[in-house]
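One letter stands for each residue in the lines below.
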Amino acid sequence: MRRAILTGVVVALLASAYFRLLRRPVMTWGSQPEEADGRLPGDELLEEADGVATRAIDIDAPPDAVWPWLAQMGPAPRGGAYTYDWIENLLGLGMRSADRVLPEFQHPRPGDTIAYGRNRMRLERVEPEHVLAWRSEDGNWVWTFVLEARDGGTRLASRNRYRLPTLGARIGMLPMEPASLVMERKMLRGIKERAERLATTTG
C-alpha cells in the first residue's frame, strides 16, 4: 500500500511539473506566440478542442517548393510523412518517406481520404500553396498546414487540434504529447530539407 501511494505521489508530481514547465514548449516548438495563441485557417473545423499543438519552421524556399511535399503526404504509395518511418511502421502506418515529388499526388481535393492507422482522415480545406487541412472521420482531430510566403522563403506551421472525449483518452495523450514533438520536429525538418533542395534544382 505504501509503495502504491508513493508511486501515485511521484506520478502526480511529474505530471504537475510537465504541465507547469514543459508542456507549452512541447506543444509550441518553433512557433511564435502569435502563431501558437492566435487563430489559423482550419481552426473552424474543430472549434472546441481539448488540446492544440502548433509547431512551425522557416524554410529557405518559396511556397511552390514546399507545397508538393504536403500534397503527397500519406501512407504508401503516397509520399510518407518525412519523419521516422521505422517508428510509424511499428504502429502499422505503412509509411515510406519519399525524396522526390510524386506527380500522381499533386492535386489534392476536398473529400479525398487517407488512412493513418485506425484514423481515416478526410481532406476538408485545400488552398494550394497556402492551406491544407485534414479532419478525422470521428471529428476529434484536425491537422492543418499553413504556408506563408516571407522574404522569398516560407513560414510553415503545423497545427493539430484534438478532442479527448473520455478519461482514458486524456490520460493516454500525456505521453503522446512529447512523443508527437519528436516525430513532428523530424517531419518539419524533413520538409524543409526537401523543399530547399527542390528550390535549388528548379530555381
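Residues numbered from 1 in each chain as written. Predicted model: local features only at pLDDT ≥ 70, side-chain atom pairs only at ≥ 80, totals over all residues. Heavy atoms only, no water.

## As for the layout of surface pockets
In this approach, a probe sized like a water molecule rolls over the atoms, and the result shows the empty space that is left. Reported here for the largest pocket is a volume of approximately 1300 Å³. In this structure, the largest pocket is lined by 36 residues; those nearest its centre are Asn-119, Trp-141, Met-173, Met-176 and Ser-180. When residues of the lining of the largest pocket are traced back to their parent elements, those giving at least two are strand E1 (51–59), helix H4 (85–90), strand E3 (119–127), strand E5 (141–150), strand E6 (153–162) and helix H5 (167–202). The element that contributes the greatest number of residues to the lining of the largest pocket is H5, accounting for 11 residues. Residue composition of the lining of the largest pocket, by class: 18 nonpolar, nine polar and nine charged. Volume-wise, the second largest pocket comes out at about 240 Å³. (1 Å grid on protein atoms, 1.4 Å probe; cavity = no way out; pocket = protein on both sides within 12 Å on 5 of 7 lines; lining within 4 Å. Points joined across faces, edges and corners; volume = space filled by probe spheres on them. Helix = DSSP H or I, 4+ residues; strand = E, 2+ residues; numbered from the N terminus. Nonpolar A, V, L, I, M, F, W, Y, C, P; charged D, E, K, R; others polar.)

## Structural notes on the confidence of the model for the protein chain
Mean pLDDT over the protein chain works out to 89, with 89% of the residues at or above the 70 mark. Of the regions scoring below 50 in pLDDT, residues 8–13 engages in zero contacts with residues more than four places distant in sequence or in other chains. (pLDDT = per-residue confidence, 0-100. Contact = heavy atoms within 4.5 Å.)

## Brief notes about helix H3 (residues 63–71)
The element H3 is extensively covered by neighbouring structure, given that eight of its nine residues are classed as buried. Turning to H3, its buried residues are Pro-63, Ala-65, Val-66, Trp-67, Pro-68, Trp-69, Leu-70 and Ala-71. Residues of H3 that are buried make contact with E1, E3, strand E4 (131–136), E5, E6 and H5. (Buried < 20%, exposed > 50% of the residue type's maximum accessible area, 1.4 Å probe, protein only.)

## What to know about the sheet that holds E3
Ordered in space as E1-E6-E5-E4-E3-E2, the six strands form an open sheet in which the pairing is antiparallel. At either end of the open sheet lies a strand with only one pairing partner, and these are E1 and strand E2 (113–116). Averaged over neighbouring strand pairs, the angle between their axes works out to 20 degrees when direction is ignored. Relative to E6, E5 runs antiparallel, the two sharing 10 bridges. Within E6, the position partnered with Arg-150 by the bridge is Gly-153. (Pairing = 2+ DSSP bridges. Axes fitted to C-alpha atoms, helices over the stretch in contact; angles between N-to-C directions.)

## A short note on the pairing of E1
With seven of nine residues buried, E1 lies mostly within the body of the structure. Of the pairings in the sheet, the one linking E1 to E6 comprises nine bridges and is antiparallel in character. Looking across to E6, one finds that Arg-55 is bridged to Ser-158.

## A word on the side chain of Thr-154
For Thr-154, the position within the fold is in strand E6. Residue classification places Thr-154 among the buried positions, given a relative accessible area of 3%.

## Overview of a nonpolar patch on the surface
On the surface, Tyr-84, Trp-86, Leu-90, Leu-91 and Val-182 cluster together into a nonpolar patch covering about 570 Å² of accessible area. A residue is classified by how much of its surface remains accessible, and Val-182, at 37% relative accessible area, is partly exposed. (Patch = residues over 30% accessible without salt bridge, like charges linked within 9 Å, V, L, I, M, F, W, Y side chains within 5 Å. Areas by Shrake-Rupley, 256 points an atom, 1.4 Å probe, with all protein chains shown as cover. Salt bridge = Lys/Arg side-chain N within 4 Å of Asp/Glu carboxyl O.)

## Details of the packing of H3 against H5
Two numbers describe how H3 lies on H5: the axes approach to 8 Å, and their chain directions differ by 130 degrees. Our classification of the angle between H3 and H5 gives oblique. As for how H3 packs across H5, the hand of that crossing is right-handed. Mapping the contact onto sequence places Ala-65, Val-66, Pro-68, Trp-69 and Leu-70 in H3 and Ile-191, Arg-194, Ala-195, Leu-198 and Ala-199 in H5. (Parallel < 35°, antiparallel > 145°, perpendicular 65-115°, else oblique. Left-handed = near helix turned anticlockwise from the far one by under 90°.)

## A look at the nonpolar core
By size, the foremost hydrophobic cluster in this structure holds 31 residues, and its most contacted members are Ile-59, Val-66, Leu-70, Met-73, Leu-156 and Ile-191. Counting residues in each nonpolar core, the second largest holds six residues, with Met-27, Ala-53, Tyr-162 and Leu-164 among its members. (Core = buried A, V, L, I, M, F, W, Y, C linked by side-chain atoms within 4.5 Å.)

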